[in-house]
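# Remarks on the overall topology
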Amino acid sequence: MDDINRLDPLPDVVFHTGDLVHNGNAAKYQIAARILGGLRCPLHVAVGNRDDRAIIRSTFAAGRDLLSDTPFVQFSVDRYPVRLIALDTLSETTNMGEFCDIRANGLRAALAEDGAKPTALFMHHPPFEICESKYRWQFDSLDGIERLRQALEGQSHVLRAFCGHAHRYAEGKIAGVPVTSTPSVAIDLRLGTVPDGAQSAPLYQIHRFDARSGFTSEIRVAP
Ligand SMILES: [Fe+2]
């Protein structure tokens, strides 16, 4: 957070891709909210399998709710040149990902609202195969991934998707959309290869959007 706050220029927004706390405990969220309240830019949180949907919804800014009459936390942030959509990939029964018809139809309806505006998705579970992971597929079944793929099919204004959960950096695609997972901020939970000098330092990703070139991304080592 200190490193983010020192960036010049400051990021327009910080997006946490889920598992903000380990066990969904209300007291832990109070600590997280107090710490994150020191960020000098807006924060949004996409829910992870360790999270409590209701607390995330009530504690952190959620943009425009896309599924307000359901328990699912999907929302759209429309104030930037690129539209930011948070997807809910939680399973009711496991720590793995799921994407049901309600969530897929919510995404489909949201994308249909503006088929021209560049759009980025933020979601916890990576919807692609990570061969070096203990869990090659991070969804309950391939059906959820297929529902997401169908919702994204032909949506050429969706430029990127950003994920968490895997604890490692990985790249994939779904319906032609490039997808990456971010390495864990916490050094004791991190998997995979990390940049030089990052073994004992927090990591995060910076994504820059340009209307002509799309996204440029880098992994930042917080000194
Ligand atoms: Fe997770």
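I will try to describe carefully the structure that is included in this document. Note that the coordinates shown come from a computational prediction; the quantities given were computed from them, not determined experimentally.

With that settled, the discussion passes to the sheet that holds strand β8 (residues 170-174). Pairing is mixed in the open sheet, where seven strands are placed in the order β3-β4-β5-β6-β7-β9-β8. Each end of this open sheet is capped by a strand with a single partner; those strands are β3 (64-65) and β8.

Note: β8 against strand β9 (residues 177-181), five bridges, orientation antiparallel. Across the sheet, Ala170 pairs through a bridge with Ser181, a residue of β9. Here β8 hands over to β9 after two residues, with Ala175 in that stretch at a positive phi of 50 degrees.

A word on helix α5 (residues 142-152). For α5, every residue scored as buried is listed here: Gly144, Ile145, Arg147, Leu148, Ala151 and Leu152. In an axial view of α5, the angular spread of the buried residues amounts to 155 degrees, which keeps them on one side of the axis. More than 90 degrees from the buried face of α5, the exposed residues found are Leu142 and Asp143. Of the surrounding secondary structure, the elements contacted by the buried residues of α5 are α4 (101-113), β7 (158-163), β8 and β9. Where α5 terminates, the next one or two residues include Gly154, which has phi positive at roughly 75 degrees.

Here α4 contains 13 residues, and its C-alpha end-to-end distance of 18 Å stays within 8% of the 18 Å for a straight helix at 1.5 Å per residue. Every buried residue of α4 is accounted for by Arg103, Gly106, Leu107, Ala110 and Leu111. The buried side chains of α4 occupy one side of the element, clustering within an arc of 130 degrees when seen end-on. α4 presents Asp101, Ala109 and Ala112 as exposed residues on the side facing more than 90 degrees away from its buried surface. Contacts from the buried residues of α4 go to β4 (75-77), β5 (83-86), β6 (119-123), α5 and β7.

Ala46, Leu121 and Phe122 are the most contacted members of the largest nonpolar core, which totals 41 residues. Elements supplying a minimum of two residues to this core: α3 (53-59), β4, β5, α4, β6, α5 and β7.

We now examine the pairing of β9. Sheet topology note: the β7/β9 ladder contains three bridges and is parallel. Looking at the pairing, Cys163 lines up with Ser181 of β9.

Right, let's talk about the packing of α4 against α5 for a bit. In contact at an axis separation of 9 Å, α4 and α5 are set at 15 degrees when each is read in the N-to-C sense. The angle between α4 and α5 falls in the class roughly parallel. α4 and α5 meet at a crossing whose hand is right-handed. The residues of α5 that touch α4, namely those facing Asp101, Ala104, Leu107 and Arg108, are Arg147, Leu148, Gln150 and Ala151. Of the residues assigned to the contact of α4 with α5, the class counts are four nonpolar, one polar and three charged.

The subject of this paragraph is the environment of Gly176. Inspection of the secondary structure assignment puts Gly176 in the loop between β8 and β9. Accessibility expressed as a C-beta count within 10 Å gives 12 for Gly176, which makes it exposed. Residues Gly176 and Val158, 18 residues apart in the sequence, show an inter-C-alpha distance of 9.4 Å.

This part is about the environment of Tyr135. Residue position: Tyr135 is located in the loop between β6 and α5. Sequence separation between Tyr135 and Met96 is 39 residues, and the spatial gap between their C-alpha atoms is 9.3 Å.

The rules we used
- Residues numbered from 1 in each chain as written.
- Predicted model: local features only at pLDDT ≥ 70, side-chain atom pairs only at ≥ 80, totals over all residues.
- Pairing = 2+ DSSP bridges.
- Helix = DSSP H or I, 4+ residues; strand = E, 2+ residues; numbered from the N terminus.
- Buried ≥ 20, exposed ≤ 12 C-beta atoms within 10 Å, placed from the backbone.
- Arc of directions from axis to C-beta.
- Contact = placed C-beta atoms within 7 Å.
- Expected span 1.5 Å × (residues − 1).
- Core = buried A, V, L, I, M, F, W, Y, C linked by C-beta atoms within 7 Å.
- Axes fitted to C-alpha atoms, helices over the stretch in contact; angles between N-to-C directions.
- Parallel < 35°, antiparallel > 145°, perpendicular 65-115°, else oblique.
- Left-handed = near helix turned anticlockwise from the far one by under 90°.
- Nonpolar A, V, L, I, M, F, W, Y, C, P; charged D, E, K, R; others polar.

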